[in-house]
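Fold and contact review
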Amino acid sequence: MDKYIIVFCEGDHDIAFLSRILFVNGFTPYNKKVKDFITPLNDLYISALKDKKIEDSKFKFQRPSIKVPYAVFEKEDRLVIFHNLGGDGNILNGQAERIKESYIELNDEILRITKNYELLSYRFLYFLDADREGVSKRLDEISTLLALSNKLEHYTVIKEDGNEFGCCIFYNSTDENKYGKLEDILLDLMIPENENIFEGSRIFVGNNILSSTRQRKFICTHEKEETRGSIQFKQEKSIISIAGQLQFSGSSNSVIIANSDYIKKSDIDNNVICQNIIRMFEFNT
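Quick caveat, the model's predicted, so the values are computed rather than measured. All residue numbers here refer to positions counted from 1 along the written sequence of the relevant chain. For a predicted model such as this one, the threshold for reporting local features is a pLDDT of at least 70, and the threshold for listing and counting side-chain atom pairs is 80 or more; totals across whole chains, interfaces and linings nevertheless cover every residue. With hydrogens and water stripped out, all remaining heavy atoms of the structure feed into the side-chain values.

**Notes on the pairing of strand 8 (residues 217-220)**
- Only strands that DSSP links by at least two bridges are regarded as paired with each other. Only runs of H or I of at least four residues qualify as helices and only runs of E of at least two qualify as strands under DSSP, and these elements are numbered from the N terminus. For strand 8 and strand 9 (residues 225-228), the ladder comprises four bridges, and the chain directions are antiparallel. Looking at the pairing, lysine 217 lines up with arginine 228 of strand 9.
- What sits between strand 8 and strand 9 in their antiparallel hairpin is a turn of four residues.

What follows is the structure, given as structure tokens:
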């Protein structure tokens, strides 16, 4: 391995989708334990896990540190390392930048230890939704975050200060403002040949939309019942979820995206967006 692609994503839905594209293009899971990971990356992850002090943790549903890979894939001389940032806020607020710097600092450590070890070559890729910001603004935000001298262009990998950078923004291809999200792309892939299923899902969701109050987290204790937080309902996510339950009962959208035959190899091979994405993981020989 001499090419390391570090991928920052908003969440597990993104990673499930991108993994489908990688699998179709010859990538396979990298299933080694942390201790057996390629040196010196294993030391970086072990350190990150040690920094997450168990005595400061609470007993609740939680994931490992975002500093530790969520999923890893390999192909020939490439290793693709996904970090699940848990939302665009954690990409844009500097957390992704700190993880990026921890990788770059490994080269400083290599030089300190030995002069005979080949330095690590990195490509950092960023994937996030356009939402109501639009593609151009998102690209500006990532370019500013990275303090790049040249602005990132969509799907294009650029080189700066010895490392490579690229960005993909998920958006609705029919929206003139280039607003949108991952689900717009997923539905474009899933609906063909499954029109009746997704139309039924769309009708069911549309006919049963709850009040905004009931779309928030419901807190029920012996003292009171109340709703809290922001609205959690996303219509496109619900449409995918309903259709997916016909195959994977009780499963989350990430499981559906990763395993459903609503997306086939031919869908990925013939989709312009998927082909633009896979080129971000390729290197010129």
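Here the narrative resumes.
**Looking at helix 7 (residues 195-207)**
- Every helix has an expected span of 1.5 Å times one less than the residues it contains. Taking 1.5 Å as the rise per residue, helix 7 with 13 residues should run 18 Å; its terminal C-alpha atoms sit 18 Å apart, in good agreement.
- Burial here depends on accessible area, computed with a 1.4 Å probe over protein chains only, as a share of the maximum for the residue type. Under 20% is buried, over 50% is exposed, and the range in between is partly exposed. Buried within helix 7 we find Phe198, Ser201 and Val205. All buried residues of helix 7 fall inside an arc of 55° around its axis, so they share one side. For helix 7, exposure combined with an orientation more than 90 degrees from the buried face picks out Asn196 and Asn207.
- Buried-residue contacts for helix 7 involve helix 6 (182-190) and helix 8 (235-244). The arc under discussion is defined with respect to the helix axis, by the directions toward the C-beta atoms. Residues count as neighbours in contact if any of their non-hydrogen atoms are within 4.5 Å of one another.

**What about the nonpolar core?**
- Throughout this description, the term nonpolar core refers to a set of buried Ala, Val, Leu, Ile, Met, Phe, Trp, Tyr and Cys residues connected via side-chain atoms within 4.5 Å. Core analysis: the biggest nonpolar cluster contains 41 residues, and Val7, Phe17, Val80, Phe82, Phe127, Ile277 and Phe281 have the highest contact counts within it.
- Membership of the second largest hydrophobic core comes to 35 residues, among which are Val72, Ile99, Leu106 and Tyr122.

**Some words on the side chain of glutamate 97**
- Within the element layout of this structure, glutamate 97 appears in helix 4 (residues 95-113).
- Each residue touching glutamate 97, except ones within four places of it in the same chain, is listed here: Leu145 and Leu146.

**Some points on the packing of aromatic side chains**
- Pairing of aromatic rings covers Phe, Tyr and Trp, the last counted by its six-membered ring, and requires centre-to-centre distances within 6.5 Å; plane angles under 30 degrees mean stacked, over 60 mean edge-to-face, and any other angle means tilted. Under the counting rule described, the total for this entry stands at 13 aromatic pairs.
- Relative to phenylalanine 170, the ring of phenylalanine 17 has its centre 6.1 Å away and its plane inclined at 70°; by these criteria the two rings are edge-to-face. Within this pair, whereas phenylalanine 17 is found in helix 1 (residues 12-24), its partner phenylalanine 170 is found in strand 7 (residues 163-170), the two being separated by 153 residues in sequence.
- Given a relative accessible area of 2%, phenylalanine 17 falls into the buried group.
- You can call phenylalanine 170 buried: its relative accessible area is 0%.
- Their ring planes at 25° and their centres at 5.7 Å tell us that phenylalanine 124 and phenylalanine 165 sit as a pair that is stacked.

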